[in-house]
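Here is what each chain is made of, one letter per residue.
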Amino acid sequence: MPSISARGLRLALFSDTYAPQVNGVSRTLERLALEVRARGGDVRIFTASDPAALPDPHVVRLPSVAFWAYRELRLAPPISPRALREVRLWRPTLIHAATPFGIGLSGRAAARQLGIPFVSSYHTHFSAYVRFYNLGALETLSWGFLRWFHNGGLRTYVPSSAIRAELGERGFADMRVWPRGVDTTRFAPSFRTREMRARVGAAGDETVVAAYVGRLAPEKGIDVAIEAMRMAMQRMRGRLVFALAGDGPYEDHCRAVAPRGSHFAGRLSGDELSRFYASADIFLFPSETDTFGNVLLEAMASGLPVVGADVATTPELVGTDRGALFPPGDAKVMADRIVQLAENALRRRAMSAAAAAFAEECSWTRVWDGLIADYLDVVDGRAAVGSAG
């Protein structure tokens, strides 16, 4: 049961991404809003307009347009007079910007103009994106902007100790770790079914299913996973299958280049997603750009050992007893790790048990207790400015 009340907290949450968009940030922020309300507080979300969004009295949609190069991303002007008016009328006790772009900048500006405590959170490894897309000349500029944005608040919430250490070296201050949790009633080995295994191409109990869950986008390392699975499936000769759940701008490319027999399940949710995870045997996480892969905890709660890129937060979650790491971008070593697990059922079972046990310790209640307690410290003026926690 929650031990920290949010009564009296009026949280204005600014983010360029929110439902109906489906990604790790939007899902986490939806959970946050629900949790604050459940604990007696109130939340108003300020986010980008979206033609697919349904009316919601708790959500303020600010004008935006789709980014031409990435249609799922919405771009809003950096300073919104409407946001300022709405904030002045609603009178929040705290403003939290979860993204540093147009909407986040509006939240930062409103906080400074109206004298409201301001915090931010770091969700996306923007410098990794810059390197991934060969825009190295922008890296120095991007770090300068991000440092300016986040250091303008009383807190920057980061998802892991590894990210906190990296940002600390870049001059970020006043950081607190805000980890992620997992609902082990939603994701568990008990959701495993033969029907789902058959749907993704498993011929029987001896067939090993390697699964990917997430957006189909180039920055997620999906090309590395596809190439690794091609090599691994050639070595396993029909005993290994590849199943992918998710959609995104790279889907057509992925379908065109994936190994023969790969199964694309599309975007899944609810029990279908739970069964997809639990009916696999190995989870693939090739991303170099995620600050925290929520899907990692969902997979481990489902009893899956992980083959993940040795970067950012992944090593903190994927201990040697819960999976195997490979050098980022190295499809050959990734294939080796997949085959080593696929050919050793005893090792997989041991890792499965360790992964599920680790996930049981990652309680959302504990996560929200820590975040809301720190929120209240900031609101009450007890935030220790200048010390990274």
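Our subject in this report is the structure included herewith.

1. Here we look at the overall build of the chain
- Within the chain one finds 15 helices and 15 strands.
- Whereas a compact globule of 389 residues would reach a radius of gyration of roughly 21 Å, the chain reaches 21 Å, a difference of no more than 12%.
- The principal-axis extent of the C-alpha atoms belonging to the chain is close to 65 × 45 × 40 Å.
- The buried share of the chain, reckoned over its 389 residues, is 55%.
- Partitioning the intrachain contacts of the chain with sequence separation of at least 6 by distance along the chain shows that 68% fall at a separation of at least 24.
- Total accessible area computed for the chain in this model is approximately 16,600 Å², and 54% of it derives from carbon and sulfur atoms.
- Between the mean site of the 46 positive side-chain charges and the mean site of the 40 negative ones, the chain shows a separation of 3 Å.

2. What about the nonpolar core?
- Ranked by size, the top nonpolar core spans 34 residues in total, and within it Ile 222, Leu 240, Leu 284, Met 334 and Ile 338 carry the most contacts.
- At the level of secondary structure, the elements contributing two or more residues to this core comprise β10 (208-213), α8 (222-236), β11 (240-245), β13 (282-285), β14 (306-309) and α13 (331-342).
- Broken down by element, the residue count for this core peaks at nine residues, all from α8.
- Apart from the residues lying within four places of it in its own chain, the contact partners of Ile 338 are Ala 228, Met 229, Ala 232, Leu 240, Ile 282, Leu 284 and Val 307.

3. A few points about the packing of aromatic side chains
- Under the criterion given, the structure shown has 12 aromatic pairs.
- Judged by centre distance (6.3 Å) and plane angle (80°), the ring pair of Tyr 122 and Phe 172 falls under edge-to-face. With Tyr 122 in the loop between β7 (118-121) and α4 (126-132) and Phe 172 in the loop between α6 (161-169) and β9 (175-177), the pair connects residues that are 50 residues apart, well separated along the chain.
- Using a relative accessible area of 1% as the deciding quantity, one classes Tyr 122 as buried.
- Since its relative accessible area comes to 5%, Phe 172 is described here as buried.
- Between Tyr 277 and Phe 283, the ring centres sit 5.9 Å apart and the planes meet at 45°, which makes this aromatic pair tilted.
- For Tyr 277, a relative accessible area of 0% translates into the label buried.

4. Examining the pattern of salt bridges
- Using the criterion set out here, one finds 19 salt bridges in the structure.
- Measuring nitrogen to oxygen at the nearest pair gives 3.9 Å for the salt bridge that ties Arg 10 to Asp 42. Taken together, the residues span a long stretch of sequence, with Arg 10 in strand β1 (residues 10-15) and Asp 42 in strand β2 (residues 42-48) at a distance of 32 residues.
- For Arg 267, the salt bridge is made with Asp 247, and the minimal N-O distance between the two is 3.4 Å. Of the two residues, Arg 267 is situated in the loop between β12 (263-266) and α10 (270-278) and Asp 247 in the loop between β11 and α9 (251-257); the sequence distance between them amounts to 20 residues.
- You can call Asp 247 partly exposed: its relative accessible area is 25%.
- A single salt-bridge network, built from bridges that share partners, covers Glu 35, Arg 39 and Asp 369.

5. Quick word on the sheet that holds β11
- With respect to topology, six strands assemble into an open sheet ordered β12-β11-β10-β13-β14-β15, the strand pairing being parallel. Every interior strand has two partners, whereas the edge strands, β12 and β15 (323-326), have only one. Adjacent strand axes in the sheet meet at a mean angle of 20°, parallel and antiparallel pairs treated alike.
- In the sheet, β14 pairs with β15 via four bridges, with the strands oriented parallel. Bridging across to β15, Ala 309 finds its partner in Phe 326.

6. A closer look at helix α14 (residues 345-360)
- Between its first and last C-alpha, α14 extends 23 Å over 16 residues, near the 22 Å set by a 1.5 Å rise per residue.
- Taken as a whole, α14 has its buried residues at Arg 348, Met 351, Ala 354, Ala 355, Ala 356 and Ala 359.

7. A word on a nonpolar patch on the surface
- Where nonpolar side chains cluster on the molecular surface, the patch consists of Val 65, Leu 73 and Leu 75 and spans about 230 Å² of accessible area.
- Examined against the element boundaries, Leu 75 turns out to sit in strand β5 (residues 70-75).

8. A look at the packing of helix α11 (residues 294-301) against α14
- Contact pair α11 / α14: the axes reach a minimum separation of 7 Å and the direction vectors enclose 120°. Relative to α14, the element α11 is oriented oblique. Crossing angle aside, the handedness with which α11 passes α14 is left-handed. Residues Leu 297, Met 300 and Ala 301 of α11 form the contact with α14, whose own contacting residues are Ala 355, Ala 356, Phe 358 and Ala 359.
- The residue makeup of the contact of α11 with α14, split by class, is seven nonpolar, no polar and no charged.

9. Concerning the sheet that holds β2
- With parallel pairing, seven strands are arranged side by side in an open sheet as β3-β2-β1-β6-β7-β8-β9. One side of each edge strand has no neighbouring strand; the edge strands of this open sheet are β3 (59-62) and β9. Here the strands of the sheet are splayed against their neighbours by 20° on average, with no regard to which way each runs.
- In this sheet, β3 lies alongside β2 in parallel orientation, the contact comprising four bridges. Bridge assignment links Ile 45 to a residue of β3, and that residue is Val 59.
- Packed onto the sheet, helix α3 (residues 102-114) meets β1, β2, β3, β6 (94-97) and β7 and runs at close to 140° relative to β1.
- Seen against the sheet, helix α15 (residues 364-379) touches β1, β6, β7, β8 (155-158) and β9 and runs at an angle of roughly 170° to β8.

Calculation notes
- Residues numbered from 1 in each chain as written.
- Predicted model: local features only at pLDDT ≥ 70, side-chain atom pairs only at ≥ 80, totals over all residues.
- Heavy atoms only, no water.
- Helix = DSSP H or I, 4+ residues; strand = E, 2+ residues; numbered from the N terminus.
- Rg over C-alpha atoms; globule rule 2.2 N^0.38 Å.
- Buried < 20%, exposed > 50% of the residue type's maximum accessible area, 1.4 Å probe, protein only.
- Contact = heavy atoms within 4.5 Å.
- Areas by Shrake-Rupley, 256 points an atom, 1.4 Å probe, with all protein chains shown as cover.
- Lys, Arg positive; Asp, Glu negative; His and termini not counted.
- Charge placed at Lys NZ, Arg CZ, Asp CG, Glu CD.
- Core = buried A, V, L, I, M, F, W, Y, C linked by side-chain atoms within 4.5 Å.
- Phe/Tyr/Trp six-rings, centres within 6.5 Å; stacked < 30°, edge-to-face > 60°.
- Salt bridge = Lys/Arg side-chain N within 4 Å of Asp/Glu carboxyl O.
- Pairing = 2+ DSSP bridges.
- Axes fitted to C-alpha atoms, helices over the stretch in contact; angles between N-to-C directions.
- Expected span 1.5 Å × (residues − 1).
- Patch = residues over 30% accessible without salt bridge, like charges linked within 9 Å, V, L, I, M, F, W, Y side chains within 5 Å.
- Parallel < 35°, antiparallel > 145°, perpendicular 65-115°, else oblique.
- Left-handed = near helix turned anticlockwise from the far one by under 90°.
- Nonpolar A, V, L, I, M, F, W, Y, C, P; charged D, E, K, R; others polar.

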